[in-house]
Amino acid sequence: PHPVLREVAKPVARVDDEIRRLVDDMAETMYDAPGVGLAAPQIGVGLRVFVIDIASEDEPSELYVFINPEIIRREGMALNQEGCLSVPGIYENVERADSVTVTALDENGARFTLNASGLLAVCIQHEMDHLRGKVFVEYLSRLKQTRIRAKLKKRQRETL
Ligand code: ZN
């Protein structure tokens, strides 16, 4: 993985046009992939920003933008299968809080608070991890991580 994925992202000082451009880039990258979430470190930018859209293909898109997010409540426990655009093709079960409350700024710099459960709660926690330099496979056993690394290396060789 790219080294910026291991770094702790910095807070956004001011939500301005530059940040809005970053948000647009991130949304485009996420929809192109396609994925349900993307954090700024995944495109090489070490800032506390992520975007999520969990709408399925037959639903209208609903983009959530989180700038300087903080989780202020966690409740319950749930095991869900997760994947990550930075670890392509790998899906593993990860245990996380079942519901969370997050507060963040939107792309206009306005603060909002959101209660989330289910897939949205999973995505928020997954993207929050990216902001502190953590990728979901780190929750897995060492053996599993070694296997995943070998798998990714093999795939990289095959695509060269
Ligand atoms: Zn990810």
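For clarity, every value in this text was computed on a predicted model and none was experimentally measured. (Residues numbered from 1 in each chain as written. Predicted model: local features only at pLDDT ≥ 70, side-chain atom pairs only at ≥ 80, totals over all residues. Heavy atoms only, no water.)

**Description of the pairing of strand E4 (residues 78-84)**
What counts, and what does not: Paired strands, as defined in this entry, are two strands with at least two bridges between them according to DSSP. For helices the rule is a DSSP run of H or I covering at least 4 residues; for strands it is a run of E covering at least 2, with both sets numbered from the N terminus onward.
Sheet topology note: the E4/strand E5 (residues 87-96) ladder contains six bridges and is antiparallel. By the bridge assignment for E5, Asn80 is matched with Val94. Here E4 hands over to E5 after two residues, the two strands then running antiparallel side by side.

**Structural notes on the pattern of salt bridges**
Formally: Any Lys or Arg side-chain nitrogen located within 4 Å of an Asp or Glu carboxyl oxygen qualifies as a salt bridge. Throughout, exposure labels follow a simple rule: accessible area from a 1.4 Å probe, protein chains only, divided by the maximum for the residue type, with under 20% read as buried, over 50% as exposed, and the rest as partly exposed.
For the structure shown, the criterion picks out ten salt bridges. Ionic pairing is found between Glu92 and Lys144, a salt bridge with its closest N-O pair at 3.2 Å. Residue Glu92 is located in strand E5, and its partner Lys144 is located in helix H3 (residues 142-159); the two are separated by 52 residues in the primary sequence. Looking at Lys144, the relative accessible area reads 35%, which means it is partly exposed. Residues Asp129 and Arg132 are paired through a salt bridge, measuring 3.0 Å at the closest nitrogen-oxygen approach. You can call Asp129 buried: its relative accessible area is 4%. Connected via shared salt-bridge partners are Glu82, Arg96, Asp129 and Arg132.

**Quick look at the side chain of His130**
Where we set the bar: Note on contacts: a residue pair qualifies if any of its non-hydrogen atoms lie within 4.5 Å across the two residues.
With respect to the helices and strands, His130 occurs in helix H2 (residues 118-131). Those residues in contact with His130 that sit more than four places away from it in its chain are Leu5, Glu7, Ala39, Pro41, Gln42, Cys84 and Val135.

**A short note on a negative patch on the surface**
Quick note on the threshold: Grouping into patches uses exposed residues only, defined as over 30% relative accessible area, and leaves out salt-bridged ones; the cut-off is 9 Å for like charges and 5 Å for nonpolar side chains (Val, Leu, Ile, Met, Phe, Trp, Tyr). All accessible areas in this document rest on Shrake-Rupley with a 1.4 Å probe, and a residue is counted as covered only by the protein chains that are shown. Note on charges: Lys and Arg go in the positive column, Asp and Glu in the negative column, and His and the chain ends are not counted at all. Just so you know, the charge point we use is NZ for Lys, CZ for Arg, CG for Asp and CD for Glu.
Taken together, the side chains of Asp24, Asp25, Glu28, Asp32 and Glu107 present a region of like negative charge at the surface. When you line up the elements, Asp25 lands in helix H1 (residues 17-32). We classify Asp25 as partly exposed; its relative accessible area is 45%.

**Observations concerning the environment of Ile52**
On the secondary structure map, Ile52 appears in strand E2 (residues 49-52). Note on Ile52: relative accessible area 0%, which makes it buried. On a C-alpha basis, the gap between Ile52 and Gly35 in space is 8.5 Å, while along the polypeptide they are 17 residues apart. Once you skip the residues sitting within four places of it in the chain, Ile52 turns out to touch Met30, Val36, Gly37, Glu62, Leu63, Tyr64, Phe66, Leu120, Cys123, Ile124 and Glu127.

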